Amino acid sequence: MNRGQDFDRALRDWLADGPTRLSPRALAETVSEIRATPQRARIQPLTGRRAAMSAWLAAAVAVTAAVVVLFIIVIRAQEPREVGPSAAPTAQLASGTPQLATATDSSVPTSSPTSSAAASQPPSPSSSTPTPSLFASPSPPPELAPLDPLAPGTYTSRVFDPPVSFTTTGGVVLRGERPDNVWLEPDFAPDAEFNVIGNDERGVVDRLARDDRITTSKPFELIVADRPARGIDVAAAPDAYPYGDRNDYVQEAVIVAQRAQWYFYLHPGAKGRVIELTVAGTQVLIFYEAQEADFERFAPIAADLLASLEFPT
Amino acid sequence: MTRAILGDEAAFEALVRGSADRLAAIAYRILRDLARSEEAVQKTLVTAWRELPGLRDPDRFDAWLNRLLVNTCYAEARNSRRWASEVAVLHMLPAASDETSQVMDRDQLERGFRRLSVEQRAVLVFHYYEGLTLVEVSDHLGIPLGTVKSRLHSGVALMRAALDADARATRSGSRSA
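Residues numbered from 1 in each chain as written. Chains lettered and ligands numbered in written order. Predicted model: local features only at pLDDT ≥ 70, side-chain atom pairs only at ≥ 80, totals over all residues. Heavy atoms only, no water.

### Some remarks on the overall build of chain B
Then step 1. Assigned secondary structure in chain B consists of eight helices and zero strands.
Then step 2. N-terminal to C-terminal, the α/β element order of chain B is α-α-α-α-α-α-α-α.
Then step 3. A buried classification covers 53% of the 177 residues belonging to chain B.
Then step 4. A sequence separation of at least 24 residues applies to 68% of the contacts in chain B between residues at least 6 apart. (Helix = DSSP H or I, 4+ residues; strand = E, 2+ residues; numbered from the N terminus. Buried < 20%, exposed > 50% of the residue type's maximum accessible area, 1.4 Å probe, protein only. Contact = heavy atoms within 4.5 Å.)

### A short note on the overall build of chain A
Then step 1. In terms of helices and strands, chain A carries five helices and 15 strands.
Then step 2. Within chain A, the proportion of its 313 residues that are buried is 41%.
Then step 3. Contacts in chain A between residues at least 24 apart in sequence constitute 56% of all its contacts with a sequence separation of at least 6.
Then step 4. When the accessible area of chain A is evaluated, it comes to approximately 17300 Å², of which 56% is carbon and sulfur surface. (Areas by Shrake-Rupley, 256 points an atom, 1.4 Å probe, with all protein chains shown as cover.)

### Digging into the packing of aromatic side chains
Then step 1. For the coordinates displayed, the defined rule picks out seven aromatic pairs over all chains.
Then step 2. Between Tyr155 of chain A and Phe166 of chain A the ring centres are 5.8 Å apart and the planes differ by 20°, which places this aromatic pair in the stacked class. With Tyr155 of chain A in strand β4 (residues 153–157) and Phe166 of chain A in strand β5 (residues 164–168), this pair connects stretches of sequence that are 11 residues apart.
Then step 3. Judged by relative accessible area, which is 2%, Phe166 of chain A ranks as buried.
Then step 4. An aromatic cluster is defined as three or more aromatic residues linked by ring pairs; in this entry it consists of Phe194, Tyr288 and Phe298 of chain A.
Then step 5. Over the aromatic face of Phe188 of chain A sits the side chain of Arg297 of chain A, whose NZ or CZ is 3.8 Å from the ring centroid.
Then step 6. The ring of Tyr129 of chain B carries Arg29 of chain B above its face, with NZ or CZ at 4.3 Å from the centroid. (Phe/Tyr/Trp six-rings, centres within 6.5 Å; stacked < 30°, edge-to-face > 60°. Lys NZ or Arg CZ within 6 Å of the ring centre and 35° of its normal.)

### Side note on the confidence of the model for chain B
Residue and element names in this part refer to chain B.
Then step 1. Considering every residue of chain B, the mean pLDDT works out to 77; 78% of them sit at 70 or more.
Then step 2. Per-residue pLDDT stays below 50 along residues 82–104; that stretch engages in 38 contacts with residues further than four places along the chain or on separate chains.
Then step 3. pLDDT under 50 marks residues 172–177. Its contacts with residues more than four places away, or in other chains, come to one contact.
Then step 4. The complex model carries a pTM of 0.45, and its ipTM stands at 0.80. (pLDDT = per-residue confidence, 0-100.)

### So, the nonpolar core
Then step 1. By size, the foremost hydrophobic cluster in this structure holds 56 residues, and its most contacted members are Phe12 and Ile30 of chain B.
Then step 2. The residues contacting Ile30 of chain B, other than those within four sequence positions of it, are Val70, Cys73, Phe113, Val118, Arg121, Ala122, Val125 and Phe126 of chain B.
Then step 3. Among the nonpolar cores identified, the runner-up in size contains 32 residues, and Leu150, Ile275, Val284 and Leu309 of chain A belong to it. (Core = buried A, V, L, I, M, F, W, Y, C linked by side-chain atoms within 4.5 Å.)

### Some remarks on the pairing of strand β11 (residues 227–235) of chain A
Residue and element names in this part refer to chain A.
Then step 1. Where strand β9 (residues 215–216) meets β11, two bridges bridge the pair, whose relative direction is antiparallel. The partner of Thr215 across the bridge, within β11, is Ala235.
Then step 2. Bridge count for strand β10 (residues 220–224) against β11 is five bridges, and the pairing is antiparallel. Bridging across to β11, Val224 finds its partner in Arg227. (Pairing = 2+ DSSP bridges.)

### Structural notes on the confidence of the model for chain A
Then step 1. Averaged over all residues, the pLDDT of chain A is 72; the fraction at 70 or higher stands at 64%.
Then step 2. In the model, residues 80–122 of chain A has pLDDT below 50 throughout and makes 81 contacts with residues more than four positions away in sequence or in other chains.

### Quick look at the environment of Ile301 of chain A
Residue and element names in this part refer to chain A.
Then step 1. Position of Ile301 among the secondary structure elements: in helix α5 (residues 292–308).
Then step 2. When its relative accessible area of 24% is taken as the criterion, Ile301 is described as partly exposed.
Then step 3. Counting along the chain gives 131 residues from Ile301 to Gly170, while the straight-line C-alpha distance between them is 9.4 Å.
Then step 4. Ignoring anything within four residues of it in the chain, the contact list for Ile301 reads Val172 and Phe188.

### Here we look at the packing of helix α2 (residues 9–31) of chain B against helix α6 (residues 118–129) of chain B
Residues and elements named next belong to chain B.
Then step 1. Here α2 crosses α6 at 135°, and the two axes come no closer than 9 Å. The pairing of α2 with α6 is recorded here as oblique in orientation. In this structure, α2 meets α6 at a crossing whose hand is right-handed. Contacts between α2 and α6 involve Ala25, Ile26, Arg29, Ile30 and Leu31 from the former and Val118, Arg121, Ala122, Val125, Phe126 and Tyr129 from the latter.
Then step 2. Across the contact of α2 with α6, the residue classes tally to nine nonpolar, no polar and two charged. (Axes fitted to C-alpha atoms, helices over the stretch in contact; angles between N-to-C directions. Parallel < 35°, antiparallel > 145°, perpendicular 65-115°, else oblique. Left-handed = near helix turned anticlockwise from the far one by under 90°. Nonpolar A, V, L, I, M, F, W, Y, C, P; charged D, E, K, R; others polar.)

### Some thoughts on α6 of chain B
Residues and elements named next belong to chain B.
Then step 1. The buried count for α6 comes to 11 of 12 residues, which makes it a mostly enclosed element.
Then step 2. Taken residue by residue, α6 has Val118, Glu119, Gln120, Arg121, Ala122, Val123, Leu124, Val125, Phe126, His127 and Tyr128 as its buried positions.
Then step 3. Looking one or two residues beyond α6, the residue adopting positive phi is Gly131, at roughly 75°.

### Digging into the pairing of strand β8 (residues 193–198) of chain A
Residue and element names in this part refer to chain A.
Then step 1. Counting buried positions along β8 gives six out of six residues, so the element sits mostly inside the fold.
Then step 2. Neither face of β8 is exposed, since Glu193, Asn195 and Ile197 on one face and Phe194, Val196 and Gly198 on the opposite face are all buried.
Then step 3. Relative to β8, strand β7 (residues 181–186) runs antiparallel, the two being bridged by four bridges. Each bridged residue has a counterpart across the sheet, and for Asn181 the counterpart in β8 is Ile197.
Then step 4. Connecting the antiparallel pair β7 and β8 is a turn made up of six residues.

Listed below in structure tokens is the structure:
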């Protein structure tokens, strides 16, 4: 048996090991929730007279639409033409628009995607230039990955509280959007990240400055989104503490921000910056980091994102 | 199935009881977390009930359910990206006996698997655990065959690399002990 077959067998055996049943409690909860959940209305096919009426109606709508389009074309043709540079190009959003962490309905596979104006959409591009198209494209495909980079433009997350805007010139992927976190990453380094975090701890910068497990700059003052802020540059040695997988809690790690259900920590071998400021009475933390090898390339992207931040009221 | 599509809760509950264990096993293997996998199964089945009238071909119920489950697992994994896991940090132990070696192999596989993206994990689970062919995986996950192959290839390569790195670290640890 060769090495590949050994690996396949080991993987099969390992995967076979583990729970194979849903617990009775979870099953009971599921059944109870199903009983409390209404089914979506079934779409009835139109038949007979109603179908005939529908066809007549469709024809009438088509004729009306054609007349309106013709009218607009005639009006446009009569307007004086301007000479000069053309309007700003309209960026098109990629079809693989990032899926939001909070969205649930979009996980339903459908054969015909529909446009959606649900509240839990990706940050919507603003009308300022550059002007990406509105999210009128079909909703994201059921497959959530890979996440395509955001088209250049200015985006506003209204899921994050308070709403936050940022501008990207490209190469940035939206990885998550929640009321307490907007998570961006460059498309060249999946370990690098730029986060805007709703935080409830004050004095994070000073706490980090006192932490002798990491190397830090002196805390400094800066302006972010026209507001006074405090920042600190941070770095952790590659062997500072164990490198945890994304969902592993590494007890020895230097925690940057933490709540009951989540935490951010400075990864070993990473460099970054932590900035705290107050927006409309809310403590906001900006935390970006990248592994040292990627940092030189990532730093200007993070600086541009930071400089573009706005908190529209 | 037809009764369930027409809104018969009892008929759907029978389908749930017939599918829940299989879904739980798959979700656990993708997410490697019991609580989150149960959450994913619950969400999947409730969504399935709500959306069932939209299922055009009842014969594809299992594939449709698998696809719902995988999409729910993707969302679960992303939502809880930074959630504190109950999994403790595993420490290297020198191989002392066959039994220890087997335990460590499992630990190494666990660590290697956790390094994979949830999309790669899904492909590996459906292929190696459920025993689906790559064409079937493509159908059940709703992704092109080429994407399945690429995720399988990169997933296996990443796991092998992680296992090799673990083996080197263990040898190094044994020498310095």
